[in-house]
Amino acid sequence: MDKPKRVTIKDIAQMAGVSKSTASIVLSGRGKELRVSESTQERVMNVARMANYQPSIHARSLTSSRSHTLGLVVPEMTNHGFATFSHALETLCRDSGLQLLIACTDENTSQETLAVNNLIQRQVDGIIVASSMLNDTEYQRINKQLPVVLFDRHLGESSLPLVITESIEPTARLVEALAEGVSEFYFIGGQPRISPTRDRLAGYRLGLERAGLAVKPEWINHGHYNASSGYEMFADLVMHLGRLPEALFCSACGLQEGVLRYLSQHKLLNAEIKLCSFDDHYLYDALSVKIDTVVQDNRQLAWNCFEMINQLIEGVPPQQPQRYLPAGIRKRH
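Residues numbered from 1 in each chain as written. Predicted model: local features only at pLDDT ≥ 70, side-chain atom pairs only at ≥ 80, totals over all residues. Heavy atoms only, no water.

Caption draft 1: Representation of helix H9 (residues 195-210) in the model. Here H9 is 16 residues long and its end C-alpha atoms lie 22 Å apart, about the 22 Å a rise of 1.5 Å per residue gives. Where H9 is buried, its residues meet helix H8 (168-178), strand E6 (186-189), strand E7 (220-222), strand E8 (247-250) and strand E9 (274-278). Directly after H9, the chain includes Gly 212, whose backbone phi takes a positive value near 80°. (Helix = DSSP H or I, 4+ residues; strand = E, 2+ residues; numbered from the N terminus. Expected span 1.5 Å × (residues − 1). Contact = heavy atoms within 4.5 Å.)

Caption draft 2: How the structure looks around the environment of Val 26. Structurally, Val 26 can be placed in helix H2 (residues 20-27). Judged by its relative accessible area of 6%, Val 26 falls in the buried class. Placed 16 residues apart in sequence, Val 26 and Glu 42 show a C-alpha to C-alpha distance of 8.9 Å. If we skip the residues at most four places from it in the chain, Val 26 touches Gly 31, Val 36, Gln 41, Val 44 and Met 45. (Buried < 20%, exposed > 50% of the residue type's maximum accessible area, 1.4 Å probe, protein only.)

Caption draft 3: View of the sheet that holds E9. Spatially, E7-E6-E8-E9-E10-E12 is the arrangement adopted by the six strands of the open sheet, whose pairing is mixed. Edge strands, defined here as strands with exactly one partner in the open sheet, are E7 and strand E12 (328-330). On average, each strand axis in the sheet is inclined to that of its neighbour by 15°, with strand direction left out of account. (Pairing = 2+ DSSP bridges. Axes fitted to C-alpha atoms, helices over the stretch in contact; angles between N-to-C directions.)

Caption draft 4: Summary view of the packing of aromatic side chains. Using the criterion set out here, one finds eight aromatic pairs in the structure. Aromatic pair Phe 82 and Phe 151: ring centres 6.1 Å apart, planes at 85°, arrangement edge-to-face. One end of the pair, Phe 82, is in helix H5 (residues 80-95); the other, Phe 151, is in strand E4 (residues 148-151), and 69 residues separate them in sequence. Taking the relative accessible area as the measure of exposure, Phe 151 reaches 2% and is therefore buried. An aromatic cluster is present here, built from Phe 185, Phe 187, Tyr 204 and Phe 249 joined pairwise through their rings. The cationic tip of Arg 200 hangs over the ring face of Phe 278; the distance from NZ or CZ to the ring centre is 3.8 Å. (Phe/Tyr/Trp six-rings, centres within 6.5 Å; stacked < 30°, edge-to-face > 60°. Lys NZ or Arg CZ within 6 Å of the ring centre and 35° of its normal.)

Caption draft 5: Seen up close, the pairing of strand E11 (residues 322-325). Residue alternation in E11 divides its side chains into a buried set, Arg 323 and Leu 325, and an unburied set, Gln 322 and Tyr 324. One ladder, built from four bridges, connects strand E5 (residues 162-165) with E11; its direction is parallel. What sits directly across from Leu 162, in E11, is Gln 322.

Caption draft 6: View of the domain arrangement of the protein. The assigned domain composition of the protein is domain 1 (9-62), domain 2 (69-165 + 298-325) and domain 3 (167-296). Computed over C-alpha atoms only, the centres of domain 1 and domain 2 are separated by 36 Å. (Domains from an automatic or database assignment.)

Caption draft 7: Structural detail: the packing of helix H1 (residues 9-16) against H2. For the pair H1 and H2, the least separation of the axes is 8 Å and the interaxial angle reads 105°. When the axis of H1 is compared with that of H2, the two are roughly perpendicular. Every residue of H2 that contacts H1 at Ile 9, Ile 12 and Ala 13 is listed here: Lys 20, Ala 23, Ser 24 and Leu 27. Tallied by class, residues from the contact of H1 with H2 come to five nonpolar, one polar and one charged. (Parallel < 35°, antiparallel > 145°, perpendicular 65-115°, else oblique. Nonpolar A, V, L, I, M, F, W, Y, C, P; charged D, E, K, R; others polar.)

Caption draft 8: Geometry of the packing of H5 against helix H12 (residues 298-313). Running from N to C, H5 and H12 point in directions that differ by 45°, and their axes come no closer than 8 Å. Between H5 and H12, the interaxial angle falls into the category oblique. Handedness of the crossing formed by H5 with H12: right-handed. Between H5, through Gly 81, Thr 84, Phe 85, Ala 88, Leu 89, Leu 92 and Cys 93, and H12, the contact on the second element is made entirely by Asn 298, Arg 299, Leu 301, Ala 302, Trp 303, Cys 305 and Phe 306. Of the residues assigned to the contact of H5 with H12, the class counts are ten nonpolar, three polar and one charged. (Left-handed = near helix turned anticlockwise from the far one by under 90°.)

Here's what the structure looks like:
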């Protein structure tokens, strides 16, 4: 089979019987301005429609100094929160005539560096990133070339623009309310080196302190932010205790999924256990087991990131470059 051939401005010019420069003027919308006759404009546009001509984004970027694309870097696309955020951001981009390029890092800093460099090579106008880095050195360097907005997690005391959901106080309120009447309250979290784990652990500790329950070191468990890690940590905990724990906080939706998988496999979904989690999922309303949650508004996260990155691209300093958005609490117990 012959390789499909992309229709170019040169092809349009030949089919319309005009010069390449005339075809380019008409297709760029400057025909009237540069006094191309209406009949010629109509002929060129008709040929372009019949040939299904699509202008090259690279050619467009040469004249406008913009590629009209944004880069998004996330640790995992199967994570419910990141998936919801990505969908909302892509919708905002699409409605504004922008293209969103998404890269995943699997919480691997080397993979993150590679993904970001690939986006830069594709000449994105700005990057929105949930970083797995320990500091902002790399992004401060990149920010000198093009705008960078951090989201979901902070990198120390970085001065880079940031959009994040406040997590310490909502987690504390959630845990405190559920701690009444229990003598133990376990924590399952992701990697302790990244800020979501540290902040949600701080909220968990604060909630138990307010409830008058002293945290024991063996209550705290760390793994990775995925369902298999949640399953393994919970299975080890149950095996160690010889029973289910009285209460459990999962620091992310994916970890809670692993716990639910274990309970389902062992027919324990109706067992006595108090569950709560950071991040909500609509399927929790359909379960027999009750799960209280801290609810992030991922659409608001996406809108704030989108607004901020576009302001930076236009050279407009955001009025509030460090944005901490409020979280809600969904009680099912």
